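# Notes for the structure review
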Amino acid sequence: MPDDQLSLDDIAAFVSETLEDDVLYLFGSGGSLRHIKEFVGIDEPTLLGVDAWYNGECIAKDANEPVLIDLLGNYPKAKLFLSVIGGQGVVLGRGNQQLSVRVLRMLGITNIQFVGTQEKLHALEGKALQVDSGDDALNQEISGYRPILCGYHDYVLYDIAYSA
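Below, the structure is looked at part by part.

The rules we used
- Residues numbered from 1 in each chain as written.
- Predicted model: local features only at pLDDT ≥ 70, side-chain atom pairs only at ≥ 80, totals over all residues.
- Heavy atoms only, no water.
- Helix = DSSP H or I, 4+ residues; strand = E, 2+ residues; numbered from the N terminus.
- Rg over C-alpha atoms; globule rule 2.2 N^0.38 Å.
- Buried < 20%, exposed > 50% of the residue type's maximum accessible area, 1.4 Å probe, protein only.
- Contact = heavy atoms within 4.5 Å.
- Areas by Shrake-Rupley, 256 points an atom, 1.4 Å probe, with all protein chains shown as cover.
- Lys, Arg positive; Asp, Glu negative; His and termini not counted.
- Charge placed at Lys NZ, Arg CZ, Asp CG, Glu CD.
- Phe/Tyr/Trp six-rings, centres within 6.5 Å; stacked < 30°, edge-to-face > 60°.
- Pairing = 2+ DSSP bridges.
- Axes fitted to C-alpha atoms, helices over the stretch in contact; angles between N-to-C directions.
- Core = buried A, V, L, I, M, F, W, Y, C linked by side-chain atoms within 4.5 Å.
- Arc of directions from axis to C-beta.
- Polar contact = N/O pair within 3.5 Å; in protein donor to acceptor, adjacent residues only side chain to side chain.

### Details of the overall build of the protein chain
- Scanning the protein chain from N- to C-terminus turns up 6 helices and 9 strands.
- For 164 residues, the compact-globule estimate of 2.2 N^0.38 gives 15 Å, and the C-alpha radius of gyration of the protein chain, at 15 Å, lies within 12% of that figure.
- Referenced to the eigenvectors of the C-alpha coordinate spread, the extents of the protein chain come out at roughly 40 × 35 × 20 Å.
- Here the protein chain holds 164 residues, and 47% of them are scored as buried.
- Pairs at least 24 apart in sequence give 65% of the contacts found in the protein chain among residues at least 6 apart.
- Element-wise, carbon and sulfur atoms account for 48% of the exposed surface of the protein chain, whose accessible area totals about 8,000 Å².
- The distance from the centre of the 11 positive side-chain charges to the centre of the 24 negative ones in the protein chain is 5 Å.

As structure tokens, then:
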């Protein structure tokens, strides 16, 4: 197994090198995404909040639902990075309530990139990642095999499930 910190460095380098101009990037909560936020240049990024990045600068820290809705209304192209919560296997539904159904619908599920080191995925012992957005239809749309960014240009297809 590769070292978790090296994997995070690889993921952060890849994300940093592939950021596009004129795209709003929302970085969710967690230690992995905080590492990525620091790597792209966000000073003192939030650990538990959503930070927004646009054209090389942080435009919002610890954004709540109204701020995210406002940002998504003003920036037509947006992407969201969500990480696997270590030990739990949750990608959406715990600790990120600001990512409401309305925010996720405005964003579009095709604009969500899941991030998790191979170590975190391996620790799940084959159990599916969990999603609970609060909306059964949205949960079903997100469920299924999704690419998880787990290294430098390295993805693993992993099952995301919702148990109603």
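### Brief notes about the packing of aromatic side chains
- Applying the stated criterion to the full structure yields 6 aromatic pairs.
- Grouped by ring-pair contacts, the aromatic residues Phe-14, Tyr-152 and Tyr-155 constitute a single cluster.

### Some remarks on the sheet that holds strand β4 (residues 78–83)
- The 9 strands lie next to each other as β3-β2-β1-β4-β6-β8-β9-β7-β5, forming an open sheet whose pairing is mixed. For this open sheet the edge positions go to β3 (57–60) and β5 (90–92), each flanked by a neighbour on one side alone. Each neighbouring strand pair of the sheet contributes to a mean axis angle of 35°, computed without reference to strand direction.
- One ladder, built from 4 bridges, connects strand β1 (residues 24–27) with strand β2 (residues 51–54); its direction is antiparallel. Residue pairing for β2: Leu-24 is matched across the bridge by Tyr-54.
- Against the sheet, helix α1 (residues 4–18) makes contact with β1, β4, β6 (112–115), β8 (144–151) and β9 (154–161), and its axis sits at roughly 100° relative to β8, the strand it touches most.
- Strand contacts of helix α3 (residues 65–74): β1, β2, β3 and β4, with the helix running at about 155° to β1, the strand carrying the most contacts.

### Concerning the nonpolar core
- The biggest cluster of nonpolar side chains holds 33 residues, and the ones touching the most others in it are Leu-99 and Leu-129.
- Take this core: its biggest share by element is 4 residues, from α3.
- Not counting chain neighbours up to four residues away, the residues in contact with Leu-99 comprise Val-50, Leu-68, Leu-80, Leu-82, Leu-92 and Leu-104.
- Core analysis: the second largest hydrophobic core is formed by 15 residues, Val-23, Leu-33, Ile-42 and Phe-81 among them.

### Details of α3
- Every buried residue of α3 is accounted for by Leu-68, Ile-69, Leu-71 and Leu-72. End-on view of α3: buried residues confined to an arc of 165°, all on one side of the axis. Facing away from the buried surface of α3 by more than 90 degrees, the exposed residues are Pro-66, Gly-73 and Asn-74.
- Among the structural elements, β1, β2, β3, β4 and α4 (101–107) are those in contact with the buried residues of α3.
- One side-chain oxygen at the N-terminal end of α3 lies 3.1 Å from the backbone nitrogen of Val-67; it belongs to Asn-64.

### So, unusual backbone geometry
- For Asp-22, which is not glycine, the phi torsion reads 60° and is therefore positive.
- Mapped onto the secondary structure, Asp-22 falls in the loop between α1 and β1.

### A closer look at the side chain of Asn-139
- With respect to the helices, strands and loops of the structure, Asn-139 is situated in helix α6 (residues 136–142).
- Exposure remark for Asn-139: the relative accessible area of 0% places this residue in the buried category.
- Residue contacts for Asn-139: discarding those within four places in its chain leaves Val-131, Asp-132, Ser-133, Gly-134 and Tyr-162.

### Concerning the environment of Gln-140
- As for its position among the elements, Gln-140 is in helix α6.
- C-alpha separation for the pair Gln-140 and Ile-160, spaced 20 residues apart in sequence, amounts to 9.5 Å.

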